[in-house]
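Listed below are the residues making up each chain.
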Amino acid sequence: MIAGILSLVLLQVGPNPTLDAFPGTPPELRDRKTVPAPAVTVSLPEESQKQFADCLASAQSDPETALDIANAWRLSAKNDLDLVRSAHCLGIALVRLERFDEARQIFEVASGEAADRFAAYSARLKAMAGNAALSDGKPALAEPLFASAIEGALAIKNAELASDLYVDRATSLGASERMDEAIEALKLARESNPANTRAWLVSALLDRRLERLDDAQKMIEEAAKLDPRNPAIGLEAGIIAALAGRREDARRSFESVLIVAPDSEFANRATAYLEQLKQ
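Residues numbered from 1 in each chain as written. Predicted model: local features only at pLDDT ≥ 70, side-chain atom pairs only at ≥ 80, totals over all residues. Heavy atoms only, no water.

1. Here's the deal with the state of the cysteines
Two cysteines whose sulfur atoms are joined by a covalent bond form what is called a disulfide. Stated precisely, the cut-off is as follows: The criterion for a disulfide is a pair of cysteine sulfur atoms lying within 2.5 Å. In this description a helix means any DSSP run of H or I spanning at least four residues, a strand means any run of E spanning at least two, and both kinds are numbered starting from the N terminus. Partly exposed describes any residue whose relative accessible area lies between the buried limit of under 20% and the exposed limit of over 50%, with all areas from a 1.4 Å probe on protein chains only and scaled to the type maximum.
As enumerated under the stated definition, the model contains one disulfide in all. The residue that forms a disulfide with Cys 55 is Cys 89, at a sulfur-sulfur distance of 2.0 Å. On the S-S bond that ties Cys 55 to Cys 89, the torsion sits near -95 degrees, and the link is left-handed. With Cys 55 in helix H2 (residues 46-61) and Cys 89 in helix H4 (residues 80-96), the pair connects residues that are 34 residues apart, well separated along the chain. Judged by relative accessible area, which is 0%, Cys 89 ranks as buried.

See below:
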């Protein structure tokens, strides 16, 4: 049974922690049906807020059209924030079109445009540039972008933002097989914001991939305390339990995923693991 689970896990993620092992991509860089909230809260005229929301919606549903909308907005920008947000929208559209290198460049432009007045936004945009580089298979290019974003977050003493960015940096370090540095980045993420569920989840995943199952169990337990109905946490808890030989714990974790997210990809994977447990 355990051998079957192990073979499934290895097929799922490969023998070494690489990019796809880290669920660290921000909502802006995922295929989502809904438009994510803006990366920073800034007081804007209602017209400008609507323009940004409409542009992001277009980037999700029709990215080719969104390119035209965003470029036209940049040409008619009335203020610095219009420039930043038009570039932000342009970057999202480029990501949707899988033009990742161009997206990285425009996110970097947007980060620079935001730097003087909107420091937190600038750091987030720099991280989005890093995630575009990761999506382009260039972790070595992504890592310094995340490092720069962290410096920006620390400069304004935004611990929650820094925590998120440390997780992103760990993603790029793991993809480059710089495991000791990835572990340290995740430690800093947890210390900066102990309530960061993603930091605990990714820590558990990395420890599991490094066959440090006792440490992985501690990390996933902390993640579960913070977000007990998160299907990603339930799935990872089941994998860790299965690899540690705790059959019943694994079964309960996988079954919990079917309850909280029955129509999800997490449920499909949990079902496959449950079938393996029966063997």
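2. Looking at the confidence of the model for the protein
Detailed reading of predicted coordinates is not advised where the pLDDT is low. Formally: pLDDT measures the predictor's confidence residue by residue and takes values from 0 up to 100. Whether two residues are in contact is decided by their heavy atoms, any of which lying within 4.5 Å being enough.
Averaged over the protein, the pLDDT score is 85; the fraction of residues at 70 or greater is 83%. Every residue in residues 1-42 scores below 50 in pLDDT, and together they form 97 contacts with partners more than four places removed in sequence or on other chains.

3. Topic: the nonpolar core
Our working definition: Residues belong to a common nonpolar core when they are buried Ala, Val, Leu, Ile, Met, Phe, Trp, Tyr or Cys residues joined through side-chain atoms within 4.5 Å.
Core analysis: the biggest nonpolar cluster contains 30 residues, and Phe 107, Tyr 121 and Leu 125 have the highest contact counts within it. When contributions to this core are tallied by element, the ones reaching two or more residues are H2, helix H3 (63-75), H4, helix H5 (100-114) and helix H6 (119-135). By size, the runner-up hydrophobic cluster in this structure holds 26 residues, among which are Ala 127, Phe 146, Ala 149 and Leu 206.

4. Remarks on the packing of aromatic side chains
For clarity, the threshold we go by: Under the pairing criterion, centres of Phe, Tyr and Trp rings, with the six-membered ring standing for Trp, must be within 6.5 Å; the plane angle then separates stacked pairs below 30 degrees from edge-to-face pairs above 60, leaving the rest tilted. Two conditions define a charge located above a ring, namely a distance within 6 Å from the ring centre to NZ of Lys or CZ of Arg, and an angle within 35 degrees of the ring normal.
The full count for this structure, using the stated rule, is two aromatic pairs. When the ring of Phe 52 is compared with that of Trp 73, the centres are 6.4 Å apart and the planes differ by 50 degrees; the resulting orientation is tilted. Residue Phe 52 is located in helix H2, and its partner Trp 73 is located in helix H3; the two are separated by 21 residues in the primary sequence. The exposure class assigned to Trp 73 is buried, which follows from its relative accessible area of 2%. For Arg 190, the ring lying beneath its charged end belongs to Trp 200, and the centroid distance is 5.4 Å.

5. As for the pattern of salt bridges
Using the following cut-off: Within this document, salt bridges are pairs made up of a side-chain nitrogen of Lys or Arg and a carboxyl oxygen of Asp or Glu, the two lying within 4 Å of each other.
A complete count under the given rule lists 20 salt bridges for this structure. Here Glu 143 and Arg 169 are joined by a salt bridge, their closest N and O atoms 2.5 Å apart. Highlighted residues: Glu 143 in helix H7 (residues 139-155) and Arg 169 in helix H8 (residues 159-175), separated in sequence by 26 residues. Take Glu 143: its relative accessible area is 10%, and that puts it in the buried class. Assessed through its relative accessible area of 21%, Arg 169 is described here as partly exposed.

6. With respect to the side chain of Asn 193
One can find Asn 193 in the loop between helix H9 (179-192) and helix H10 (197-209). When near neighbours in sequence (up to four residues on either side) are disregarded, Asn 193 contacts Ala 159, Glu 160 and Ser 163.

7. Some details on unusual backbone geometry
The backbone phi angle of Glu 177 is positive, close to 60 degrees, even though this residue is not glycine. Of note, Glu 211 is a non-glycine position whose phi angle comes to about 65 degrees, a positive value. Relative to the helices and strands, Glu 211 is located in the loop between H10 and helix H11 (213-226). Given a relative accessible area of 71%, Glu 211 falls into the exposed group.

8. Structural notes on the environment of Leu 277
Structurally, the position occupied by Leu 277 is in helix H14 (residues 265-277). Sequence separation between Leu 277 and Glu 248 is 29 residues, and the spatial gap between their C-alpha atoms is 9.2 Å.

9. Things to note about H4
Put simply, the test is: To estimate how far a helix should extend, the number of its residues minus one is multiplied by 1.5 Å. Any N or O atom pair separated by 3.5 Å or less is treated as a polar contact, with the protein-specific requirement of one donor-capable and one acceptor-capable atom, and with residues adjacent in sequence counted only for side-chain atom pairs.
Helix length check: H4 (17 residues) gives 25 Å between terminal C-alpha atoms against 24 Å at 1.5 Å per residue, within 8%. The element H4 is largely enclosed, with a buried count of 14 among its 17 residues. The opening residue of H4, the one whose side-chain oxygen lies 3.1 Å from the backbone nitrogen of Leu 81, is Asn 79.

10. Here we look at the side chain of Ser 163
With respect to the secondary-structure elements, Ser 163 resides in helix H8. Each residue touching Ser 163, except ones within four places of it in the same chain, is listed here: Ala 189, Ser 192, Asn 193 and Asn 196.

11. Some details on H10
Taking 1.5 Å per residue as the helical rise, H10 with its 13 residues ought to reach 18 Å, and the 18 Å between its terminal C-alpha atoms agrees with that figure. Within H10, 12 of the 13 residues are buried, which leaves it mostly tucked inside the rest of the structure. Restricting attention to buried positions, one finds in H10 the residues Thr 197, Ala 199, Trp 200, Leu 201, Val 202, Ser 203, Ala 204, Leu 205, Leu 206, Asp 207, Arg 208 and Arg 209. By the N-cap criterion, in which a side-chain oxygen at the helix start approaches the backbone nitrogen of a residue two or three places on, H10 is capped by Asn 196, the distance to Arg 198 being 3.1 Å.

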